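Commentary on secondary and tertiary structure
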Amino acid sequence: MDDIIFSALSKVCQSYSVAFADYVRACEKKGQRIVKLQTGDPDFPTHPNIISAAHDALLKGETKYCDSRGLFDLRGALASKLLAENNIKCSANDNILITHGAVHGIGMAIRALVNPGDECVIIEPYWRAYEMDVILAEGIPIIVQTTPKDGFQLVADRVIERFTPRTKLIILNTPNNPSGAVYGEAELRKLVTAAAARGIYVISDEVYESIVFQESKHFSIASNPDVFDWVISAFSFSKTHAMTGWRIGYIVASKNVIDEILKLSQFSVTSLSPFTQMAGIAALHDPEAQNHVKLMRNEYEKRRERIIFSINGSWLEEAMILPQGAFYSMIDVTRFGLPSLELAKKIVDVTNVSFTPGIAFGDRMDGYLRMCFATSDANIDCAINALLNIEKLWRSN
């Protein structure tokens with residue numbers, strides 16, 4: 001009987017990253033003090049002007065239900081932001097839906113589009129929630145690999161060759177979590193043009209859009225009006241504005257798609273709290289809050305450079321894939337010959353430092369660890385030393 005009740009859930013694996021986080025918490029309860037580099041949460045506070053906006057809204061009584069699409073003033077501010085920063089022309093009325101973080105928006109988009117038996121192409125490495133959402137919709141995940149030698153970059157032809165008559169959806173994430181790859185504009189254009197010509201939708205997860213380093217540039221595929229109707233773009237305030245706990249994101253799509261996803265939103269969260277949305281308006285309009293976004297990006301880039309300097313001449317120099325964006329580095333740990341979850345636990349036990357096991361980002365990523373550098377310089381130094389020390393211990397044994 002249980003097999004029938006939980007038929008879809010029985011095909012969903014538990015989260016490797018959450019399971020590892022539980023292990024870290026269990027170690028902490030035993031008294032270990034652990035330097036945690038496994039969670040993708042900015043170490044910066046939300047800007048005080050954003051917090052003040054929410055506080056003022058609460059005092060004014062902005063605590064009731066509101067428009068299920070999101071406050072119109074916020075959607076209007078986002079339409080202006082999307083045009084200015086992403087070159088996406090859209091209507092505040094018809095093309096934007098405020099969501100309970102990007103995870104909510106992406107999950108709803110998958111459920112709205114995928115029918116039983118539909119194929120969904122996902123680029124590896126990837127956030128496992130994509131795959132699980134497809135399975136919950138009774139779709140079929142089709143995993144397409146990228147390679148470490150080219151920094152896990154998107155190659156459009158590798159994706160296009162996997163298209164079949166059952167392909168319904170592609171999910172892209174750039175800047176990428178966990179690899180830090182910023183997909184090139186030419187490859188993105190080629191892929192989305194081919195998808196649209198075949199009636200295939202594309203979900204574009206762009207939550208790390210503001211965290212791009214050096215000469216790399218983020219490109220929003222929905223900026224091409226010829227393919228706009230086939231793209232669902234997902235954004236968030238979480239990483240850009242250090243607002244992970246506020247749970248405020250938004251999706252951009254054609255009116256038809258937004259209207260369908262709205263049904264799912266109304267029957268899942270009804271609407272978002274108005275005071276958090278007013279904080280979002282402040283994040284977009286306040287000059288100091290906007291400058292804070294640039295300061296955070298600059299600090300992430302400095303940390304990236306610190307890592308490069310720290311690993312120079314060590315085994316990590318070749319093992320670490322340096323990111324073009326986001327705030328993660330992937331580390332090839334195949335030399336240790338252990339599954340990534342087992343290795344990550346062993347590193348916690350021996351060095352009191354935690355990295356995310358690569359298996360959390362795809363079955364073929366089991367030879368990697370992910371290091372998050374949204375943390376202090378001292379923690380970064382501690383993490384690099386932990387990896388160097390564990391390698392020495394391995395060789396000595």
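None of these values were measured; they are calculated from a predicted model.

Reading the values: rules and limits
Residues numbered from 1 in each chain as written. Predicted model: local features only at pLDDT ≥ 70, side-chain atom pairs only at ≥ 80, totals over all residues. Heavy atoms only, no water. Phe/Tyr/Trp six-rings, centres within 6.5 Å; stacked < 30°, edge-to-face > 60°. Helix = DSSP H or I, 4+ residues; strand = E, 2+ residues; numbered from the N terminus. Buried < 20%, exposed > 50% of the residue type's maximum accessible area, 1.4 Å probe, protein only. Lys NZ or Arg CZ within 6 Å of the ring centre and 35° of its normal. Salt bridge = Lys/Arg side-chain N within 4 Å of Asp/Glu carboxyl O. Pairing = 2+ DSSP bridges. Axes fitted to C-alpha atoms, helices over the stretch in contact; angles between N-to-C directions. Contact = heavy atoms within 4.5 Å. 1 Å grid on protein atoms, 1.4 Å probe; cavity = no way out; pocket = protein on both sides within 12 Å on 5 of 7 lines; lining within 4 Å. Points joined across faces, edges and corners; volume = space filled by probe spheres on them. Nonpolar A, V, L, I, M, F, W, Y, C, P; charged D, E, K, R; others polar.

Our next topic: the packing of aromatic side chains. Throughout the structure, instances matching the rule amount to twelve aromatic pairs. With a centroid separation of 5.7 Å and an interplanar angle of 85 degrees, the aromatic rings of Trp315 and Phe336 are classed as edge-to-face. Of the two residues, Trp315 sits in the loop between helix 11 (287-311) and helix 12 (316-319) while Phe336 sits in the loop between strand 10 (328-332) and helix 13 (340-351), which places them 21 residues apart along the sequence. With respect to class, Trp315 is no different from Phe336; both count as buried. Through a chain of ring-to-ring contacts, three or more aromatic side chains come together here, namely Phe44, Tyr208, Tyr300, Phe327 and Tyr328. Cation over ring: Lys81 sits above Phe235, and NZ or CZ is 4.5 Å from the ring centre. Here the basic side chain of Lys345 rests over the ring of Tyr23, its NZ or CZ set 5.1 Å away from the ring centre.

A complete count under the given rule lists 21 salt bridges for this structure. Where Arg364 meets Glu124, a salt bridge forms, and the shortest distance between an N and an O atom there is 3.1 Å. A residue pair is termed long-range when its members are at least 10 positions apart, and Arg364 in the loop between strand 12 (356-357) and strand 13 (368-372) and Glu124 in strand 3 (residues 119-124) qualify at 240 residues. For Glu124, a relative accessible area of 3% gives the class buried. Here Arg306 makes a salt bridge to Asp381, at a shortest N to O gap of 2.7 Å. Here Arg306, found in helix 11, pairs with Asp381, found in helix 14 (residues 377-396); they are 75 residues apart in sequence, far enough to count as distant. By relative accessible area, which is 30% here, Arg306 ends up partly exposed.

Our next topic: the sheet that holds strand 7 (residues 231-236). Taken together, seven strands build an open sheet; the order of strands is 2-8-7-6-5-3-4 and the sheet is mixed. Either end of the sheet is taken by a strand with one partner, and the two such strands are strand 2 (96-99) and strand 4 (140-145). Pairs of neighbouring strands in the sheet enclose a mean axial angle of 20 degrees, with direction left out of account. Summarising the sheet, strand 3 and strand 5 (residues 167-173) pair through four bridges and their orientation is parallel. Looking at the pairing, Val121 lines up with Ile170 of strand 5.

A cis amide bond, omega 5 degrees, links Glu124 with the succeeding residue Pro125. In this fold, Pro125 is placed in the loop between strand 3 and helix 6 (128-136). Of note, the bond from Asn177 into Pro178 is cis; its omega dihedral lies within 30 degrees of zero at 25 degrees. For Pro178, the location among the structural elements is in the loop between strand 5 and helix 8 (185-197). The backbone of Arg247 sits at a positive phi, close to 55 degrees, despite the residue not being glycine. Residue placement: Arg247 occurs in the loop between strand 7 and strand 8 (249-252). Owing to a relative accessible area of 25%, Arg247 belongs among the partly exposed residues under this scheme. One non-glycine residue, Ala326, adopts positive backbone phi at about 60 degrees. By secondary structure assignment, the location of Ala326 is in the loop between strand 9 (320-321) and strand 10.

The next subject is the sheet that holds strand 9. Here we have four strands laid out as an open sheet, ordered 9-10-13-12, and antiparallel in their pairing. Whereas interior strands pair on both sides, the edge strands pair on one side only; in this sheet they are strand 9 and strand 12. Where strand 9 meets strand 10, two bridges bridge the pair, whose relative direction is antiparallel. Bridged to Ile321 within strand 10 is Met330.

Residue placement: Arg303 occurs in helix 11. A relative accessible area of 5% places Arg303 in the buried class. Ignoring anything within four residues of it in the chain, the contact list for Arg303 reads Asp43, Phe44, Phe373, Ala374, Thr375, Asp377 and Ile380.

If you add up the space inside the largest pocket, you get close to 1,000 Å³. Top element by residues in the lining of the largest pocket is helix 2 (residues 16-29). It accounts for eight residues. Each residue belonging to the lining of the largest pocket can be placed in one class, and the counts come to 18 nonpolar, twelve polar and nine charged. One number sums up the size of the second largest pocket: a volume of about 600 Å³. Around the second largest pocket, the lining is made up of 26 residues, and of these Lys81, Glu85, Glu209, Ser210 and Thr240 lie nearest the centre. Among the elements of the structure, helix 4 (72-86), helix 10 (274-285) and helix 11 are those that each provide at least two residues to the lining of the second largest pocket. Here the lining of the second largest pocket gets five residues from one element, more than from any other, and that element is helix 4.

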